[in-house]
Amino acid sequence: MARRILLKNIDKAYGSINALDSVTLEVETGQIVALLGMNGSGKTSLLRIIAGLEEPSRGSIFLNSKKMTSHELRQIATLVFQKTVMFSTSVYGNVKFGLAIRGIGKKDAERKVSDALNLVGLADFKKRRARGLSGGEQQRIALARAFVLQPEILLLDEPTANLDPANAVILENAVRKIREKDACTIMLATHNLHQAKRLSDRIVHVHYGRIIADASPQDFFSHPSNETTRRFIAGELQF
């Protein structure tokens, strides 16, 4: 059965700064939704709230009709950060870490880790020290570490920022396979217009904490719904 995630009237303030302002968004299971916007537009704050890592100042998140607490969101959502941190262990140990915390048995854990490393093209790297790998390879490990937990909601914050083209392609292909394999909901924050067009089913334009456009990639780029979005696509907005 399809599961709907509803964000309703989400506000987030950091002191006098309003990072999010009355954000309402509904996402169906299996969709890839790209959050587009300038740096500081509120994309990361929104992902952190969905992941249960921060409380909104106002508003609620529902899964179907159930109002979710931050603790409950942390059970079903996983956020991959733009700047990932590797544990001081092997690639295998990094990916297995979350499974060990959840008490997954050795045989099941080995199978899950193997599947995750195959997904990101690092099956032959499992014995290597994670911190000795390139930034792009570490980002692929971070995605595997998230995927292995089989979250209902996978959140990606600028997943290919500063990656070389080869690692970026591998990571994007892995994201597509995750959606096909597990039918999970994927939301990624990016300022890369081409990536949003390639990967997403929907594009949501976040501007100064508000959602000002929500459309299919074709409509978003071909028929911008407002002048600010048109200027953003054209690269005319000033940071």
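As the structure is a computational prediction, the values presented were derived from the model and not from experiment.

Novice: How should unusual backbone geometry be read in this particular structure?
Specialist: Leaving glycine aside, a negative phi is the common case for residues, and trans is the common case for peptide bonds. If you check the backbone angles, Ser-22 has positive phi at about 55° while not being a glycine. Mapped onto the fold, Ser-22 is located in strand 2 (residues 17-28). Look at Asn-64: it is not a glycine, yet its phi comes out positive at around 55°. With respect to the secondary-structure elements, Asn-64 resides in the loop between strand 4 (58-63) and strand 5 (66-67).

Novice: Quick question: what am I supposed to make of the sheet that holds strand 3 (residues 32-36) here?
Specialist: Strands in a sheet are paired, the pairing made by backbone hydrogen bonds, and the direction either parallel or antiparallel. Read across the open sheet, the 6 strands follow the order 6-7-8-3-9-10; overall the sheet is mixed. Both outer strands of the open sheet, strand 6 (77-80) and strand 10 (210-215), are each paired with one neighbouring strand and no more. Neighbour to neighbour, the strand axes of the sheet diverge by 20° on average, direction disregarded. Note that strand 9 (residues 202-207) and strand 10 share 5 bridges and pair antiparallel. Across the sheet, residue Val-206 finds its bridge partner in strand 10, namely Ile-211. Against the sheet, helix 1 (residues 43-50) makes contact with strand 3, strand 6, strand 7 (153-157), strand 8 (185-190) and strand 9, and its axis sits at roughly 155° relative to strand 7, the strand it touches most. Its contacts with the sheet place helix 5 (residues 135-147) against strand 6 and strand 7, and it is angled at close to 175° to strand 6.

Novice: What is the right way to look at the pairing of strand 7 in this model?
Specialist: It is a general feature of regular strands that their side chains alternate between the two faces of the sheet. Of all 5 residues in strand 7, 5 are buried, a share of seventy percent or more. Every second residue of strand 7 is oriented toward a common face, with Ile-153, Leu-155 and Asp-157 on one face and Leu-154 and Leu-156 on the other, all of them buried. Note that strand 6 and strand 7 share 4 bridges and pair parallel. Directly across from Thr-78, in strand 7, lies its bridge partner Leu-154. Pairing analysis gives 5 bridges linking strand 7 to strand 8, with the strands arranged parallel. Bridge assignment links Ile-153 to a residue of strand 8, and that residue is Thr-185.

Novice: How do you make sense of the layout of surface pockets when you look at a structure like this?
Specialist: Unfilled space is identified by rolling a water-sized probe across the atoms. Empty space within the largest pocket amounts to approximately 600 Å³. For the largest pocket, the lining is made up of 21 residues, of which Ala-77, Thr-78, Leu-79, Arg-102 and Leu-149 are closest to its centre. Those elements that provide at least two residues to the lining of the largest pocket are helix 2 (70-76), strand 6, helix 3 (91-101) and helix 5. In terms of residue class, the lining of the largest pocket is built from 13 nonpolar, 4 polar and 4 charged.

So, how was this worked out
Numbers given to residues run from 1 along each chain, matching the order in which its sequence is written. pLDDT decides what is reported in this predicted model: residues at 70 or higher carry local features, side-chain atom pairs at 80 or more are listed and counted, and totals for whole chains, interfaces and linings draw on all residues regardless. No hydrogens and no water enter the side-chain calculation; it runs on all heavy atoms of the structure. Only DSSP runs of H or I reaching four residues or more are called helices, and only runs of E reaching two or more are called strands; each is numbered from the N terminus. One bridge is not enough; two strands pair if DSSP finds at least two bridges between them. Angles shown run from 0 to 180 degrees and are taken between the N-to-C directions of axes, each axis being a line fitted to C-alpha atoms and, for helices, limited to the stretch in contact. Any two residues having at least one pair of non-hydrogen atoms within 4.5 Å are treated as being in contact. Throughout, exposure labels follow a simple rule: accessible area from a 1.4 Å probe, protein chains only, divided by the maximum for the residue type, with under 20% read as buried, over 50% as exposed, and the rest as partly exposed. The way it works is a 1 Å grid over only the protein atoms, where trapped points that fit a 1.4 Å probe form a cavity and open points with protein on both sides within 12 Å along at least five of seven lines form a pocket, and then any residue with an atom within 4 Å of a point lines it. Grid points are joined across faces, edges and corners, and a volume is the space filled by probe spheres set on the points. In this classification, Asp, Glu, Lys and Arg are treated as charged, Ala, Val, Leu, Ile, Met, Phe, Trp, Tyr, Cys and Pro as nonpolar, and every other residue, Gly included, as polar.

These figures come from the coordinates and say nothing about function on their own.
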